[in-house]
Amino acid sequence: MRILLVASAFNSLTQRVYTELRERGHRVGVELALGDDSLRGRVAEFEPELILAPMLTTAIPEDIWTAYPVLIVHPGPKGDRGPSSLDWAIHEGAWSWGVTVLQAVAEMDAGPIWATEPFAVAACGKSELYRNEVADAAVRAVLTAVRRYASGTFEPEPLDYTRPDVRGRLRPYHDQTQRRIDWTADDTATVLRKLRAADSQPGVLDELFGREYFVHGGHPEDRLRGVPGAVLATRDGAICRATVDGAVWLPQLRSRRTPGGPPTYKLPATLALGSDLPAVPEAPVTPTEAAGRDTWSELRYREENEVGYLEFAFPGGAMSTAQCRRLLAAYRHACTRPVEVLVLGPGRDFFSNGIHLNVIEAAADPAAESWHNINAMNDLVEAILTTTDKLVVAALAGNAAAGGVMLALAADEVWCRESVVLNPHYRLMGLHGSEYWTYTLPRRVGAAEAERLTREALPVGARAAAQLGLVDRALPGDAEQFWSRVRRDAENLAATMELADRLIIKKQRRAADEAERPLSAYRASELAHMRRNFSEPGEPYPELRRDFVHKVRPATTPQHLTVI
Ligand code: COA
């Protein structure tokens, strides 16, 4: 079928729907909803049999939905309507929620229902839920709706609030008055619910040291206690704030924009507070300690049945210079452990999206900070590439992009959850790219495919990535099922007789590769390009980075998306 995806942004869910439909042989176009006239023009040119809106925050013009079938993905169960569905679900502590595909009509979210899928609400932030349970349910619902539409016989169900299975309702925008935290009254569970309902957008508006900030993220703390509302400690850029019955960690803050002032964006909390932060103690935790505690840490390390697991989780998958260095230190420590299989990756969300563009943007000298950041990333990748006494597995339960994909490719094996979307390219940020990708990517997929992937700059679904050889496996199931399979297979690897042989072959191959062209040569040549990208006048990177960090919407649908 010719299917046109219309979306407010080519975001994770839209990318996922795009890859899933293409894998099933549909011809899929993408148009960003940037104005009714440009949408009309694209629809006329594309002549879709079906229009699908995986993530749309504006209405489709009536002349389009009367002339074409338009199906909208709504992140709520049957009958739920309004712009803040997930926010309300998390805020009210719903344990089960749904995604519904409905036809566009004049009234928002009130059209006939083509498919609906339930999902269990995990205890996490809204965006994480969106990229995991919501995305999985949405893809199931979209595929069902597309099949039903293609059958030509399916009659969508009109929205009827008298039906017993229609439990949702119309709800208003979830604004800051409902989100506000009362630090002198709200218990930890309430604070976490409010933070999670607002994470990652818009954050909870709050006051710290006499200034207003949007607070992003929220994790419980098991030990630190103090006067409710007081900032008790810092850890790796996050701050810990006391509640009436405990404390929570707040990793990121965004200043409130002053009228007429420059746009603001999320930063590690201590960086955002700067000199306003009084002297509070740093409360360090080692990755091994963190694995056994209910506290916030970006790094956790544990061993089970002869396998080491180094878990990392960075908000938005972005890795600053400091975060890369901390992960490298944890990796080096893991390398000293008596295990021969090492698994790297976060529990559920983004694996990595490369260097931290927000921290770079905030730096006094962004070109210099870009340089430090890419070198810190390269040091980490190099450490993985040169580990010859262990088999390293990158386990991707969530998406990865740019240098984050190349970080995964440094491992011996890359195992992906089937739902993962990879963006193995740098071009959209105006970068040549580093992280030794000129060594690892062609080695995996061949030079021609590496050239195509980096030039086309399109997302690749996990199954397609496995077919290309970009990754080794695409494993089905949700994040929990993925990890139980990863654990089982990693333990089997650790127990096999062949492991010793594999490690010998690995060592020989690395030595042969090094003799042919040393890693330092790949690094030097990539970094020569990157230095130009970062610093030379006329390079697009500074402006593309600024637009990304400030969330500037493009004026038109980017050209690489209009090719089908
Ligand atoms: N630096 C800083 N923040 C980043 C980031 C990065 N490299 N990559 C993602 N983020 C942030 C986003 O700003 C967003 O923040 P928000 O939650 O406050 O809105 C969040 O992480 C999730 O990203 P988003 O873009 O909303 O997710 P998506 O699934 O729609 O798109 C990407 C994912 C990876 C395609 C997109 O984020 C991207 O292009 N990132 C930049 C990749 C890159 O060029 N890295 C640098 C070169 S190595």
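Residues numbered from 1 in each chain as written. Predicted model: local features only at pLDDT ≥ 70, side-chain atom pairs only at ≥ 80, totals over all residues. Heavy atoms only, no water.

It is worth spelling out the site of the ligand at this point. Lining the immediate surroundings of the ligand are 24 residues, of which Ser 200, Gln 201, Lys 266, Ile 355 and Lys 551 lie closest. In the model, an oxygen atom of the ligand is placed 2.4 Å from a nitrogen or oxygen of the Ser 200 side chain. Contacts to the ligand include Ile 355, whose backbone N or O atom sits 2.8 Å from a nitrogen atom. Taking 840 Å² as the accessible area of the ligand by itself, protein coverage stands at 83%. (Near = heavy atom within 4 Å. Polar contact = N/O pair within 3.5 Å; in protein donor to acceptor, adjacent residues only side chain to side chain. Areas by Shrake-Rupley, 256 points an atom, 1.4 Å probe, with all protein chains shown as cover.)

UniProt marks residues 36-145 with the feature "domain: Formyl transferase N-terminal" (unreviewed entry), using the numbering shown here. The span residues 36-145 shows a helical share of 40% and a strand share of 23%, and its end C-alpha atoms are spaced 25 Å apart. (UniProt positions renumbered as here; feature names shortened; annotations may be inferred. Helix = DSSP H or I, 4+ residues; strand = E, 2+ residues; numbered from the N terminus.)

With respect to the element layout, Asn 399 can be found in the loop between strand S18 (391-396) and strand S19 (400-401). From its side chain, Asn 399 meets the backbone nitrogen of Val 421 in a polar contact 2.9 Å long. Every residue in contact with Asn 399, bar those within four places of it in the chain, is listed here: Ser 12, Phe 350, Phe 351, Ser 352, Ser 419, Val 420 and Val 421. (Contact = heavy atoms within 4.5 Å.)

In the UniProt entry, the feature "domain: Formyl transferase C-terminal" (unreviewed entry) is given for residues 176-254. Across residues 176-254 one finds 18% helix and 39% strand; the C-alpha atoms that close the span lie 15 Å apart.

Summed over all chains, the structure comprises 10 aromatic pairs. Their ring planes at 40° and their centres at 6.4 Å tell us that Tyr 426 and Trp 437 sit as a pair that is tilted. Placement of the pair is Tyr 426 in the loop between strand S21 (421-423) and helix H14 (437-445) and Trp 437 in helix H14, with a sequence separation of 11 residues. You can call Tyr 426 buried: its relative accessible area is 5%. Judged by relative accessible area, which is 12%, Trp 437 ranks as buried. On the basis of an interplanar angle of 80° and a centroid distance of 5.8 Å, the ring pair of Phe 482 and Trp 483 is categorised as edge-to-face. Of the two residues, Phe 482 and Trp 483, both sit in the buried class. Three or more aromatic residues joined by ring pairs form one cluster here, namely Trp 114, Tyr 149 and Phe 154. (Phe/Tyr/Trp six-rings, centres within 6.5 Å; stacked < 30°, edge-to-face > 60°. Buried < 20%, exposed > 50% of the residue type's maximum accessible area, 1.4 Å probe, protein only.)

Let us now look at the packing of helix H1 (residues 12-23) against helix H5 (residues 126-151). Running from N to C, H1 and H5 point in directions that differ by 40°, and their axes come no closer than 10 Å. Taken as axis vectors, H1 and H5 run oblique relative to one another. Once H1 is placed against H5, the crossing between them reads as right-handed. Together, Ser 12, Leu 13, Arg 16, Val 17, Glu 20 and Leu 21 of H1 and Tyr 130, Arg 131, Ala 135, Asp 136, Ala 138, Val 139, Val 142, Leu 143 and Val 146 of H5 make up the contact between the two elements. The residue inventory of the contact of H1 with H5, partitioned by class, reads 10 nonpolar, 1 polar and 4 charged. (Axes fitted to C-alpha atoms, helices over the stretch in contact; angles between N-to-C directions. Parallel < 35°, antiparallel > 145°, perpendicular 65-115°, else oblique. Left-handed = near helix turned anticlockwise from the far one by under 90°. Nonpolar A, V, L, I, M, F, W, Y, C, P; charged D, E, K, R; others polar.)

Taken together, the 3 strands give an open sheet; going across it, the order is S19-S21-S22, and neighbouring strands pair in mixed fashion. Among the strands making up the open sheet, the edge pair consists of S19 and strand S22 (460-461). Here 2 bridges tie S21 to S22, and the two strands are oriented antiparallel to one another. Bridging from a neighbouring strand, Val 421 pairs with Gly 461 of S22. (Pairing = 2+ DSSP bridges.)

Quick look at the nonpolar core now. Residues Leu 396, Leu 422 and Leu 441 are the most contacted members of the largest nonpolar core, which totals 68 residues. Among all residues touching Leu 441, those that are not within four sequence positions of it are Met 406, Leu 409, Gly 446, Ala 450, Leu 453, Thr 454 and Leu 470. Membership of the second largest hydrophobic core comes to 41 residues, among which are Val 30, Leu 50, Leu 71 and Ile 90. (Core = buried A, V, L, I, M, F, W, Y, C linked by side-chain atoms within 4.5 Å.)

Orientation of helix H10 (residues 321-335) relative to helix H12 (residues 366-385), taken along the N-to-C sense of each, is 15°, at an axis distance of 8 Å. In terms of axis orientation, H10 runs roughly parallel to H12. The hand of the H10/H12 crossing is left-handed. Touching Thr 321, Cys 324, Arg 325, Leu 327, Leu 328 and Tyr 331 of H10 are Glu 369, His 372, Asn 373, Ala 376, Met 377, Asp 379, Leu 380, Ala 383 and Ile 384, all from H12. Grouping the amino acids of the contact of H10 with H12 by side-chain chemistry returns 9 nonpolar, 3 polar and 3 charged.

For helix H19 (residues 519-535), spanning 17 residues, the distance from its first C-alpha to its last is 24 Å, which sits close to the expected 24 Å at 1.5 Å a residue. Looking at H19, one finds that the buried residues are Leu 519, Tyr 522, Arg 523, Glu 526, Leu 527, Met 530, Asn 533 and Phe 534. The buried residues of H19 all sit within an arc of 115° when viewed along its axis, so they share a single face. At its buried positions, H19 is contacted by H12, H14, helix H18 (498-516) and helix H20 (541-549). (Expected span 1.5 Å × (residues − 1). Arc of directions from axis to C-beta.)

What follows covers the domain arrangement of the chain. We note that the domain assignment places domain 1 (2-151), domain 2 (188-276) and domain 3 (298-479 + 495-548) within the chain. Relative to domain 3, the C-alpha centre of domain 2 lies at a distance of 30 Å. Across the boundary between the two partners, domain 2 contributes 7 residues, which contact 6 residues of domain 3. With both sides pooled, the region where domain 2 packs onto domain 3 buries about 630 Å², and carbon together with sulfur makes up 60% of that total. Its salt-bridge partner being Asp 236, residue Arg 326 comes within 3.6 Å of it at the nearest N-O pair. Joining domain 2 to domain 3, the criterion identifies 2 residue pairs in polar contact (both at pLDDT 80 or more). Here the residues of the side of domain 2 that touches domain 3 sort into 4 nonpolar, 1 polar and 2 charged. (Domains from an automatic or database assignment. Buried area = accessible area lost by both parts, 1.4 Å probe. Salt bridge = Lys/Arg side-chain N within 4 Å of Asp/Glu carboxyl O.)

A separate point is the pairing of strand S5 (residues 96-103). The buried fraction of S5 amounts to 6 of the 8 residues, a majority that puts the element mostly inside the structure. Pairing of strand S4 (residues 70-74) with S5, which is carried by 4 bridges, proceeds in the antiparallel orientation. Among the inter-strand pairings, Val 73 is bridged to a residue of S5, identified as Val 101. Sheet analysis places S5 next to strand S6 (residues 113-120), joined by 7 bridges and oriented antiparallel. Looking at the pairing, Leu 102 lines up with Ile 113 of S6.

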